[in-house]
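Listed here are the chains, written in short residue letters.
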Amino acid sequence: MKTRILIALFLLSLAADLVWVRGPFDWRMIAAAFAAWYLADFGSGLIHMIMDYIPCRPGVGLADLFFYPGSRESEDYLNLRDRVWGRITLLERVAYDFKNHHPRPDALGRRSIVFLVWTTVLFVTLPVSVAFNLYCLAFHPPGWVVVGFVVLLAGGTLSQWFHGALHRERNPAFVPVMRRLGLLITPAAHQIHHDTLTRDFSVINGWSNPALNVVFRLLMRYRVLTPAGLEPT
Ligand SMILES: [Zn+2]
Ligand SMILES: [Zn+2]
């Protein structure tokens, strides 16, 4: 219930921004929308990269969950999971979920849209959107700036839903259309990430993957990220 209220607040905040899109059509709105679609993809990849490689806190049972040998529907597993969830923060759980996605990719495709977006809304897009509401009230930015911001916030919010769509057979009709237009990354292109775990972290349209792959190689070279972070210990 709380998550739905959170999402409703975010949608209200986003709708409030649209009030500032006024006046005649401006070609810069199209340019801003494409730039924002790129930036949202870059953000999705950067957060994915960090969450994949940031080490989990050892000794709290996350490794027992990750390597659990039996059924994940058993009472024993569910009790263990509840105990571990009680010991870690929400952000630690988000990082664990990213790592857990690699051995069990299809589970993401079965998640609801609320589950897939609410932590992004809570930690990132709702605070940014409210700050942008206040910015609009104070400075009355031009319409193309607002369009760019709304596309960025909407794309960023839906990034894990788009990721889930890559691991789901049945999707709304606009998803395959946008893939054909190059506006969304395809499952085949995303599979490169799952086959390597060292490249192509972006999950919206993949446009930012070449740039982020360079960032990843640099972070690995200077050992800011290490392969040890990929699995809990
Ligand atoms: Zn990953
Ligand atoms: Zn995936």
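Please read all numbers here as calculations on a predicted model, not as lab measurements. (Residues numbered from 1 in each chain as written. Chains lettered and ligands numbered in written order. Predicted model: local features only at pLDDT ≥ 70, side-chain atom pairs only at ≥ 80, totals over all residues. Heavy atoms only, no water.)

**Q** Just to check I follow, could you spell out the packing of helix α2 (residues 27-53) against helix α12 (residues 209-221) for this structure?
**A** Axis separation between α2 and α12 bottoms out at 10 Å; the angle between their running directions is 30 degrees. One element, α2, and the other, α12, form an angle in the roughly parallel class. Here the hand of the crossing between α2 and α12 comes out right-handed. Packed against α2, whose contacting residues are Tyr38, Asp41, Phe42, Gly45, Leu46, Met49 and Tyr53, the element α12 presents Asn209, Ala211, Leu212, Phe216, Leu219 and Met220 at the interface. Each residue belonging to the contact of α2 with α12 can be placed in one class, and the counts come to 10 nonpolar, two polar and one charged. (Axes fitted to C-alpha atoms, helices over the stretch in contact; angles between N-to-C directions. Helix = DSSP H or I, 4+ residues; strand = E, 2+ residues; numbered from the N terminus. Parallel < 35°, antiparallel > 145°, perpendicular 65-115°, else oblique. Left-handed = near helix turned anticlockwise from the far one by under 90°. Contact = heavy atoms within 4.5 Å. Nonpolar A, V, L, I, M, F, W, Y, C, P; charged D, E, K, R; others polar.)

**Q** Would you mind showing me how to read the environment of histidine 163 here?
**A** Its place among the elements puts histidine 163 in helix α9 (residues 159-165). In the structure, histidine 163 is positioned 12 residues away from valine 151 in sequence and 17 Å away in space, judged by C-alpha atoms. With near-sequence residues (within four places) excluded, histidine 163 lies in contact with His48, His101, Leu108, His190, His194 and Val203.

**Q** In this structure, what is going on with the coordination of the zinc ion (ligand 1)? I would like to understand it.
**A** Angles between donor atoms at a metal ideally measure 109.5 degrees for a four-coordinate tetrahedral arrangement and either 90 or 180 degrees for a six-coordinate octahedral one. Binding of the zinc ion (ligand 1) to the protein goes through His48 (NE2), Asp52 (OD), His102 (NE2) and His193 (NE2), at separations of 2.1 Å. Each of the four donor atoms bound to the zinc ion (ligand 1) contributes to angles spanning 93 to 156 degrees, and the resulting shape is irregular. (Donors = N, O, S within 2.8 Å, 3.2 Å for Na, K, Ca; no water. Tetrahedral: all angles 85-135°; square planar, octahedral: opposite > 155°, others 65-115°.)

**Q** Explain the coordination of the zinc ion (ligand 2) to me, please; I cannot follow it from the model alone.
**A** Within the protein, the atoms that donate to the zinc ion (ligand 2) are His101 (NE2), His163 (NE2), His167 (NE2), His190 (NE2) and His194 (NE2), at distances of 2.1 to 2.2 Å. Each donor residue of the zinc ion (ligand 2) lies on the same chain, and together they follow the pattern H-x61-H-x3-H-x22-H-x3-H. Here histidine 190 lies in helix α11 (residues 187-196) and histidine 163 lies in helix α9, a separation of 27 residues in the sequence. For histidine 163, a relative accessible area of 1% corresponds to the buried category. (Buried < 20%, exposed > 50% of the residue type's maximum accessible area, 1.4 Å probe, protein only.)

**Q** I keep staring at the pattern of salt bridges and nothing clicks. Help me out?
**A** A side chain with one charge may pair with a side chain of the opposite charge, provided their charged atoms come close. Counted under the stated rule, the structure contains three salt bridges. The closest approach of N and O atoms between arginine 28 and aspartate 26, which form a salt bridge, is 2.8 Å. Exposure remark for arginine 28: the relative accessible area of 37% places this residue in the partly exposed category. Aspartate 26 sits in the buried class, given a relative accessible area of 16%. Residue glutamate 92 pairs with arginine 57 through a salt bridge whose shortest N-O separation is 2.7 Å. Pair noted here: glutamate 92 is in helix α5 (residues 90-101) and arginine 57 is in the loop between α2 and α3 (62-66), with a separation of 35 residues, a long-range link. (Salt bridge = Lys/Arg side-chain N within 4 Å of Asp/Glu carboxyl O.)

**Q** I tried to follow the packing of aromatic side chains on my own but got confused; where do I start?
**A** Each aromatic ring pair is characterised by the separation of its centres together with the angle its planes make. One pass over the structure, following the stated rule, counts 14 aromatic pairs. Ring plane angle 25 degrees and centroid distance 6.1 Å describe the contact between tryptophan 161 and phenylalanine 174, whose orientation is recorded as stacked. A residue pair is termed long-range when its members are at least 10 positions apart, and tryptophan 161 in helix α9 and phenylalanine 174 in helix α10 (residues 174-180) qualify at 13 residues. Centre to centre, the rings of phenylalanine 201 and phenylalanine 216 are 5.0 Å apart; their planes meet at 45 degrees, and the pair counts as tilted. In this pair, phenylalanine 201 is assigned in the loop between α11 and α12 and phenylalanine 216 in helix α12, connecting sequence segments 15 residues apart. Both residues of the pair, phenylalanine 201 and phenylalanine 216, belong to the buried class. Cluster of aromatic residues (ring-pair linked, three or more members): Trp37, Trp161, Phe162 and Phe174. Positioned above the aromatic ring of phenylalanine 66, the side-chain terminus of arginine 104 is 5.5 Å from the ring centre. (Phe/Tyr/Trp six-rings, centres within 6.5 Å; stacked < 30°, edge-to-face > 60°. Lys NZ or Arg CZ within 6 Å of the ring centre and 35° of its normal.)

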